[in-house]
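Here is how the chains run, residue by residue.
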Amino acid sequence: MSLLPGAEPFRHEGGETAVLLCHGFTGSPQSLRPWAEYLAARGLTVSLPLLPGHGTRWQDLGVTGWQDWYAQVDRELRLLRDRSERVFVAGLSMGGALALRLAARHGDAVGGVMVVNPANKVHGVAAHALPVLRHLVPATKGIASDIAKPLTRELGYEKVPLHAAHSLRNFFRLVDGELPGVTQPLLLMRSPQDHVVPPADSARILGRVSSADVTEVLLEQSYHVATLDHDAELIFEESAAFIGRLAPGAVQEPGLGKEGTTTGG
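Residues numbered from 1 in each chain as written. Predicted model: local features only at pLDDT ≥ 70, side-chain atom pairs only at ≥ 80, totals over all residues. Heavy atoms only, no water.

(A) Representation of the packing of helix H4 (residues 94–106) against helix H6 (residues 162–178). Viewed as axis vectors pointing N to C, H4 and H6 meet at an angle of 40°, and their least axial separation amounts to 10 Å. Put simply, H4 runs oblique to H6. The two elements H4 and H6 cross, and the hand of that crossing is left-handed. Contacts between H4 and H6 pair Met94, Ala97, Leu98, Arg101, Ala104 and Arg105 from the former with Leu168, Phe171, Phe172, Leu174, Val175 and Glu178 from the latter. Each residue belonging to the contact of H4 with H6 can be placed in one class, and the counts come to nine nonpolar, no polar and three charged. (Axes fitted to C-alpha atoms, helices over the stretch in contact; angles between N-to-C directions. Helix = DSSP H or I, 4+ residues; strand = E, 2+ residues; numbered from the N terminus. Parallel < 35°, antiparallel > 145°, perpendicular 65-115°, else oblique. Left-handed = near helix turned anticlockwise from the far one by under 90°. Contact = heavy atoms within 4.5 Å. Nonpolar A, V, L, I, M, F, W, Y, C, P; charged D, E, K, R; others polar.)

(B) Structural view of the packing of aromatic side chains. Considering all chains together, one arrives at five aromatic pairs under this definition. Ring plane angle 40° and centroid distance 5.4 Å describe the contact between Tyr38 and Phe236, whose orientation is recorded as tilted. In this pair, Tyr38 is assigned in helix H1 (residues 33–41) and Phe236 in helix H8 (residues 232–246), connecting sequence segments 198 residues apart. Residues Tyr38 and Phe236 agree in their burial class; the two are buried. (Phe/Tyr/Trp six-rings, centres within 6.5 Å; stacked < 30°, edge-to-face > 60°. Buried < 20%, exposed > 50% of the residue type's maximum accessible area, 1.4 Å probe, protein only.)

(C) Seen up close, the pairing of strand E9 (residues 214–218). In this sheet, E9 lies alongside strand E8 (residues 186–190) in parallel orientation, the contact comprising five bridges. Residue Met189 lies in a different strand from E9, and its bridge partner there is Val217. Handedness of the crossover joining E8 and E9 through helix H7 (residues 199–208) is recorded here as right-handed. (Pairing = 2+ DSSP bridges. Right-handed = clockwise from strand over helix to strand, strands pointing away.)

In structure tokens:
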């Protein structure tokens, strides 16, 4: 199955400090592409992979599970560690949960964590029915494109396959139990007006991680996909400052520093 235009993965070979970006459930690299390009322009090595089952059609997602999505970002992290002095992990929504698990499991191999509206739980009465409902109903309505900015769209599926949603629910439970293993500096950016992930998820994450260095930023003008919304520039600037504080000299002014190469659509 061919990729949807704009869903291509992105990779930029820059300096010795790298950032791994993880997109959300039913979404694609398109939702994080501006963030990736911003960091790449400042001399960082950046990897933004396409998760299995995403970027094509919703039926393809229905035959994948959290093990597939996590394995993809785990491989990317290991590749980045082989060529970089320091690696940061970041993510939006489910991508935030993926980033947090990478931090919990890889310890000192991860220099810091940056998450935007991270998800921690599948909410609602239907979530409890997923073990049975997924065998009766193939999909429900989509969750993509919760954006306040007019005329801005997220490239995501119009439906959510319930087999994948059930796997996501199991993944969130797994990550929740591993959150105390997150000890790295944490930058958590969240939208008070989010119609996909409630504030309780961020509060739960902040209450369970073991990080001593924690920064919380409110994205007052944005909905769930804040990386494409009014506060996108704030996200980009805060993340660059976070990396620059922890890895002095890693973040360059655009056009300065090591020349890099970029691949992707």
